[in-house]
Amino acid sequence: MQLAPKPDAPPAARPVPERGYLRLAAQIQALVAQGEFAVGKRLPAERALAERFEVSRTSLREAIIALELQGVVEVRGGSGIYVCEPEPGLARMPAAQEAGAGPFELLRARCLIESEIAALAATTRSDADLDRIFEALTAMREQMLDKAANAEADRRFHLHIAQSTGNSVLLATVTSMWDQAQGPIWEKTEQHFHTQALRQASQEDHQRIFSALVARDAQAARQAMRDHLERVIGEFAQGWR
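What this report covers is the structure whose coordinates are included nearby. (Residues numbered from 1 in each chain as written. Predicted model: local features only at pLDDT ≥ 70, side-chain atom pairs only at ≥ 80, totals over all residues. Heavy atoms only, no water.)

1. A closer look at the overall build of the protein
For the protein, the helix and strand inventory stands at eleven helices and two strands. In the protein, the order of α-helices and β-strands from amino to carboxyl end is α-α-α-β-β-α-α-α-α-α-α-α-α. Burial statistics for the protein: of 241 residues in total, 42% are counted as buried. Long-range contacts, defined as pairs at least 24 residues apart, comprise 74% of the intrachain contacts of the protein with a sequence gap of at least 6. Counting every atom, the protein has about 13,000 Å² of accessible surface; 53% of that belongs to carbon and sulfur. (Helix = DSSP H or I, 4+ residues; strand = E, 2+ residues; numbered from the N terminus. Buried < 20%, exposed > 50% of the residue type's maximum accessible area, 1.4 Å probe, protein only. Contact = heavy atoms within 4.5 Å. Areas by Shrake-Rupley, 256 points an atom, 1.4 Å probe, with all protein chains shown as cover.)

What follows is the structure, given as structure tokens:
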């Protein structure tokens, strides 16, 4: 007979997922410390580094941003990535539980999950749900020049779609993913790649998603959401500005 655990037994600790971009950043930082990448010199091109470490260019980009936050490198738009002079008391690389998921990891998860949520929402949404989603869509358009206000309306748009499924677990999942899209790595990524042009393109994407929801077209809603998030991933993966 299997015995029940003692009431005072501590719960098993959940293993923290390994953050590949942090491991890669530590490898590059070690090469800088060893002198292979000299201070003041430009690092090899992203493609060459990705091939050397056998990683995707998006993983490399997250690692470079982590190194930039540590003061190890400087990203100069249109020029390249340069090794910085070490500073006394340079901060250590954050642990996995401190750093959280990288931007690309989170965006890919959103692409997978929110696409299916949009498809389901097309069959379950009510007129009241559409009113809430439309309010967020309108606010995004009106706040195009205000990045913070536009981002808040963007969040509401996606959360209202999840809410319209009537499934509290799906809503909590989307809320959690949006809550993770913050912190130094995200802020630096957006500093490099989030532009008004990106917001304008997203507005057009959101209009297509909304139209599919209005039409109760599950396949169109799924595809429009997937296209939207894949486009954002593609924008963040483009050359440094």
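2. Here's the deal with the packing of helix α5 (residues 103-124) against helix α11 (residues 218-236)
Direction vectors running N to C along α5 and α11 enclose 165°, while the axes themselves pass 7 Å from each other. By the angle class used here, α5 and α11 are roughly antiparallel. Where α5 crosses over α11, the two elements pack in a sense that is right-handed. Note on element contacts: α11 touches α5 through Ala218, Ala221, Arg222, Met225, Arg226, Leu229, Glu230, Val232, Ile233 and Phe236, opposite Phe104, Leu107, Arg108, Arg110, Cys111, Glu114, Ser115, Glu116, Ala118, Ala119, Ala122 and Thr123. Class assignment for the residues of the contact of α5 with α11 results in 13 nonpolar, two polar and seven charged. (Axes fitted to C-alpha atoms, helices over the stretch in contact; angles between N-to-C directions. Parallel < 35°, antiparallel > 145°, perpendicular 65-115°, else oblique. Left-handed = near helix turned anticlockwise from the far one by under 90°. Nonpolar A, V, L, I, M, F, W, Y, C, P; charged D, E, K, R; others polar.)

3. Some thoughts on the nonpolar core
Phe157, Ile161, Val174, Ile209, Leu213 and Phe236 are the most contacted members of the largest nonpolar core, which has 36 residues in total. Mapped onto this core, the elements with two or more residues apiece are α5, α6 (127-142), α7 (147-163), α8 (168-180), α9 (184-193), α10 (196-214) and α11. Ranked by residue count, the leading element in this core is α5, at eight residues. Residue contacts for Ile161: discarding those within four places in its chain leaves Ile117, Ala118, Ala121, Ile133, Ile209, Leu213 and Met225. (Core = buried A, V, L, I, M, F, W, Y, C linked by side-chain atoms within 4.5 Å.)

4. Topic: the pairing of strand β2 (residues 80-83)
When strand β1 (residues 73-76) meets β2, the two strands line up antiparallel, connected through four bridges. Residue pairing in the sheet places Val75 in a bridge with Ile81 of β2. The antiparallel pairing of β1 with β2 creates a hairpin that spans three residues between the two strands, and Gly78 there sits at a positive phi of about 80°. (Pairing = 2+ DSSP bridges.)

5. Points about α9
The complete set of buried residues in α9 reads Ile185, Trp186, Lys188, Thr189, His192 and Phe193. One face of α9 carries all of its buried residues, which in axial projection span an arc of 165°. Across α9 from its buried face, at more than 90 degrees, point the exposed residues Pro184, Glu187 and Gln191. (Arc of directions from axis to C-beta.)

6. Examining the packing of aromatic side chains
Applying the stated criterion across every chain, the model contains one aromatic pair. Each ring, one from Phe134 and one from Phe210, has its centre 5.6 Å from the other, and the planes form 40°; the classification is tilted. With Phe134 in helix α6 and Phe210 in helix α10, the pair connects residues that are 76 residues apart, well separated along the chain. Looking at Phe210, the relative accessible area reads 10%, which means it is buried. The side chain of Arg76 reaches across the aromatic face of Tyr82, ending 3.9 Å from its centre. (Phe/Tyr/Trp six-rings, centres within 6.5 Å; stacked < 30°, edge-to-face > 60°. Lys NZ or Arg CZ within 6 Å of the ring centre and 35° of its normal.)

7. Details of unusual backbone geometry
In this structure, Glu54 takes a positive phi of about 55° despite not being glycine. Topologically, Glu54 is positioned in the loop between α2 (46-53) and α3 (57-69). The class for Glu54 is exposed, based on a relative accessible area of 74%. Its identity is not glycine, yet Arg216 carries a phi of approximately 55°, on the positive side. Position of Arg216 relative to the elements: it lies in the loop between α10 and α11. For Arg216, a relative accessible area of 43% translates into the label partly exposed.

8. Looking at the environment of Arg199
Within the element layout of this structure, Arg199 appears in helix α10. The class of Arg199 is buried, set by a relative accessible area of 10%. Each C-alpha atom, one on Arg199 and one on Met140, is 8.6 Å from the other, the two residues being 59 residues apart in sequence. Those residues within four positions of Arg199 in sequence are excluded, and the remaining contacts are Met144, Leu145, Lys147, Asn150 and His194. A distance of 2.9 Å separates a polar side-chain atom of Arg199 from the backbone oxygen of Met144. (Polar contact = N/O pair within 3.5 Å; in protein donor to acceptor, adjacent residues only side chain to side chain.)

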